[in-house]
Amino acid sequence: MEPKTFNTKKTEKSTNIWLTPRSLLDRLGHFDLDPCAATVRPWDIADVNYTEEDNGLIQEWFGRVWCNPPYGSEAYPFLKKFSEYGGPGLMLLFTRTDIKAWHEYIFPTAKYIFFIKGRIKFCRPDGSQEATANAASCLLAWDKSELPLLLQLEKEGLGKLAMFV
Ligand SMILES: C[S@@+](CC[C@H](N)C(=O)[O-])C[C@H]1O[C@@H](n2cnc3c(N)ncnc32)[C@H](O)[C@@H]1O
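1. Describing the overall build of the protein chain
Across its full length, the protein chain carries 4 helices and 9 strands. Starting at the N terminus, the α and β elements of the protein chain follow one another as α-β-β-β-α-β-α-β-β-β-β-α-β. Relative to its length of 165 residues, the protein chain is compact, with a C-alpha radius of gyration of 15 Å against a globular reference of 15 Å. The 165 residues of the protein chain split such that 29% are buried.

Quick look at the structure:
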């Protein structure tokens, strides 16, 4: 049986890959680029989708970006790249504010943190078998064009928006 928790060991049968649920994506609008798309995926999140084989970290980022990076320390280079990009789009991350990367790449540069209420149920590459995350999640944004959407999400009760001045 497939394990239903996060950070499980990678085996042939358990990939440890968890995807953003369609129910959340559908509330976030159109994206031009997903720089860390799953190789096997139930849907395209953006018009252009870079997989591990393309290595989204060495590609040029453009337009409105969706970034739900790989977990653990593999997320940090994506976080650094988004903070340097600073353009439109959203990053989905576990809300672990004690981590050094938060203090290096988020707090000095991000404009918005949207704290999602409740735990996200992530998906398997076939779009099924949702598993509840073992931490809170947030949406990060660096560009002010994301403000209307984040305010709308707050109004709809998805969570709480924090803005940096
Ligand atoms: C947490 S999953 C999220 C997938 C998708 N972005 C989403 O929101 O559903 C992270 C994905 O990043 C991919 N990945 C890991 N390193 C990558 C890299 N250097 N370039 C592009 N994709 C990468 C993994 O294969 C994995 O599918």
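On we go.
2. Overview of the nonpolar core
Membership of the largest hydrophobic core comes to 38 residues, with the highest contact counts inside it found for Leu90, Leu140 and Ala141. Mapped by element, the contributors of at least two residues to this core are strand 1 (31-34), strand 3 (65-67), helix 2 (76-85), strand 4 (89-94), helix 3 (100-106), strand 5 (112-116), strand 8 (137-141) and helix 4 (147-155). When neighbours within four sequence positions are excluded, leucine 90 is seen to be in contact with Leu28, Trp66, Leu139, Leu140, Ala141 and Glu146.

3. Digging into the site of the ligand
Lining the immediate environment of the ligand, one finds 19 residues, of which Leu19, Thr20, Cys36, Ala38 and Asn68 sit closest. By residue class, the composition of the shell around the ligand is 11 nonpolar, 6 polar and 2 charged.

4. A few points about unusual backbone geometry
Backbone geometry at asparagine 55 places phi at a positive 55°, although glycine is not the residue there. Its 11 C-beta neighbours within 10 Å are what place asparagine 55 among the exposed residues.

5. A look at the pairing of strand 8
Among the 5 residues in strand 8, 5 count as buried, and that is most of the element. Taking every second residue as pointing to the same face, both faces of strand 8 are buried, with Ser137, Leu139 and Ala141 on one and Cys138 and Leu140 on the other. In the sheet, strand 4 pairs with strand 8 via 4 bridges, with the strands oriented antiparallel. Opposite methionine 91, over in strand 8, you have leucine 140 as the bridge partner. With 4 bridges joining them, strand 5 and strand 8 adopt antiparallel strand pairing. For tyrosine 112, the partnering residue across the bridge sits in strand 8 and is alanine 141.

6. Observations regarding helix 2
Every buried residue of helix 2 is accounted for by Phe78, Leu79, Lys81 and Phe82. Seen from one end, helix 2 has its buried residues packed into an arc of 165°, which puts them on one side. Of the surrounding elements, those touching the buried residues of helix 2 are strand 3, strand 4 and helix 3. Looking one or two residues beyond helix 2, the residue adopting positive phi is glycine 86, at roughly 65°.

7. A short note on the environment of glycine 89
Inspection of the secondary structure assignment puts glycine 89 in strand 4. Along the sequence, glycine 89 and glutamate 60 sit 29 residues apart, while their C-alpha atoms lie 14 Å from each other. Excluding residues within four positions of it along the chain, glycine 89 makes contact with Phe31, Arg64, Val65, Trp66 and Cys67.

Parameters and conventions
Once a new chain begins, its residue numbering starts again from 1 and follows that chain's sequence as written. Where totals are concerned, whole chains, interfaces and linings use all residues; where local detail is concerned, this predicted model gives features only for residues with pLDDT of at least 70, and gives and counts side-chain atom pairs only at 80 or more. Segments assigned H or I by DSSP are reported as helices when at least four residues long, segments assigned E as strands when at least two residues long, and all are numbered from the N terminus. With C-alpha atoms as the basis for the radius of gyration, the globule rule is written as 2.2 Å multiplied by the number of residues raised to the power 0.38. Neighbour density around each residue's C-beta defines its exposure: 20 or more other C-beta atoms within 10 Å make it buried, 12 or fewer make it exposed, and counts between make it partly exposed, where C-beta atoms are placed from the backbone. Here, a nonpolar core means buried Ala, Val, Leu, Ile, Met, Phe, Trp, Tyr and Cys residues linked by C-beta atoms lying within 7 Å of one another. Distance between backbone-placed C-beta atoms decides contact: two residues are in contact if it is within 7 Å. By convention here, the C-beta atom is placed from the backbone, and a residue is near a molecule or strand when that atom is within 6 Å of it. Lys, Arg, Asp and Glu make up the charged group, whereas Ala, Val, Leu, Ile, Met, Phe, Trp, Tyr, Cys and Pro make up the nonpolar group; the residues left over, Gly among them, are polar. One bridge is not enough; two strands pair if DSSP finds at least two bridges between them. Each direction from the helix axis to a C-beta atom contributes to the arc, which is the arc of those directions.

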